[in-house]
Every structure is written in structure tokens, then in C-alpha cells.
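Analysis of the macromolecular model
Each chain, written out:
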Amino acid sequence: MGNWTFTPGSSGLGAGLNATLQHEGREIELSYTASIFEDFLHAMSAIHSEFNRRATPPAAASGLCAAERAGMASRV
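The present account deals with the structure reproduced in this document. Please read all numbers here as calculations on a predicted model, not as lab measurements.

As for a nonpolar patch on the surface
- A grouping of F40, L41, M44 and I47 is seen on the molecular surface, where their side chains present a nonpolar patch of about 370 Å² in accessible area.
- Here F40 falls in the partly exposed class, since its relative accessible area comes to 44%.

Printed below as a string of C-alpha cells:
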């Protein structure tokens with residue numbers, strides 16, 4: 001699908017601008033779903049952070065040497 005960029009809306013002075021998604025020069029305006037999509041991105045970021053935290057065991061607790069841990073990480 002390629003890289004997508006989310007740009008939050010602006011509610012500054014004057015007319016507010018809606019959030020957008022951009023991809024390969026195209027722009028999709030998120031008129032009604034901007035807040036829902038932003039909540040989704042925050043949730044996905046939290047899930048990603050928690051996954052990374054849990055996927056990296058502390059060295060002392062695992063009882064494995066660095067080489068063994070490196071080999072395990074490549075299989076995850």
C-alpha cells in the first residue's frame with residue numbers, strides 16, 4: 001500500500017480544516033472520521049509500544065547470553 005501520511009485538522013482562526021490522508025500525491029479529506037481515525041492511530045501506537053516492551057525480555061531474567069538472544073530475535 002505504500003506510505004500514508006495523516007495530517008490532523010486545524011481549528012484555528014477562521015474556517016477549520018479537516019484532517020487528511022496523503023499518499024503518492026493524492027489527498028483524502030477526512031470530513032467525518034478524523035477524530036475516530038486519530039483515536040485509532042493513538043491506540044495502534046500504544047499497542048506497538050507495548051508489543052515492543054514485551055518482546056524485549058530483560059537480559060538477566062532470560063538467562064540467555066547475547067548471542068542466543070540475538071538468534072531468538074531473528075525468529076520472532
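Regarding unusual backbone geometry
- The residue E24 is not glycine, and still its phi comes out positive at about 50°.
- Exposure remark for E24: the relative accessible area of 65% places this residue in the exposed category.

Some points on the pattern of salt bridges
- For the structure shown, the criterion picks out two salt bridges.
- With its nearest N and O atoms 2.5 Å apart, the salt bridge here joins E50 to R53. Of this pair, E50 and R53 both sit in helix α1 (residues 34–55), three residues apart, which is roughly one turn of that helix.
- Classification of E50 by relative accessible area gives partly exposed; the value is 29%.
- For R53, a relative accessible area of 53% puts it in the exposed group.
- E50 is the salt-bridge partner of R54, the closest N and O atoms lying 2.7 Å from each other. Of this pair, R54 and E50 both sit in helix α1, four residues apart, which is roughly one turn of the helix.
- A residue is classified by how much of its surface remains accessible, and R54, at 63% relative accessible area, is exposed.
- Salt bridges sharing common partners tie together E50, R53 and R54.

Observations concerning the pairing of strand β2 (residues 19–23)
- Of all five residues in β2, four are buried, a share of seventy percent or more.
- Summarising the sheet, strand β1 (residues 5–7) and β2 pair through three bridges and their orientation is antiparallel. Counterpart to F6 in the pairing with β2 is L21.
- Sheet topology note: the β2/strand β3 (residues 26–30) ladder contains five bridges and is antiparallel. Each bridged residue has a counterpart across the sheet, and for Q22 the counterpart in β3 is E27.
- In sequence, β2 turns back onto β3 through a hairpin of two residues, with E24 there showing a positive phi of about 50°.

So, how was this worked out
- Residue positions are counted from 1 within each chain, in the order its sequence is given.
- A pLDDT threshold of at least 70 governs which residues receive local features in this predicted model, and a stricter bar of 80 or more applies before side-chain atom pairs are shown or counted, although totals over entire chains, interfaces and linings include all residues.
- Values reported for side chains reflect all heavy atoms of the structure, with hydrogen atoms and water molecules removed beforehand.
- Residues enter patches when their relative accessible area tops 30% and they take part in no salt bridge; the joining distance is 9 Å for like charges and 5 Å for the nonpolar side chains Val, Leu, Ile, Met, Phe, Trp and Tyr.
- Each accessible area is a Shrake-Rupley estimate made with a 1.4 Å probe; only the visible protein chains count as cover when residues are assessed.
- Any carboxyl oxygen of Asp or Glu that lies within 4 Å of a side-chain nitrogen of Lys or Arg is treated as forming a salt bridge with it.
- Remark: exposure states derive from per-residue accessible area (1.4 Å probe, protein chains only) relative to the maximum for the residue type, with buried under 20%, exposed over 50%, and partly exposed in between.
- Helix and strand definitions here come from DSSP, where helices need a minimum of 4 consecutive H or I residues and strands a minimum of 2 consecutive E residues; each element is numbered from the N-terminal end.
- Note on pairing: DSSP must find at least two bridges between two strands before they are called paired.

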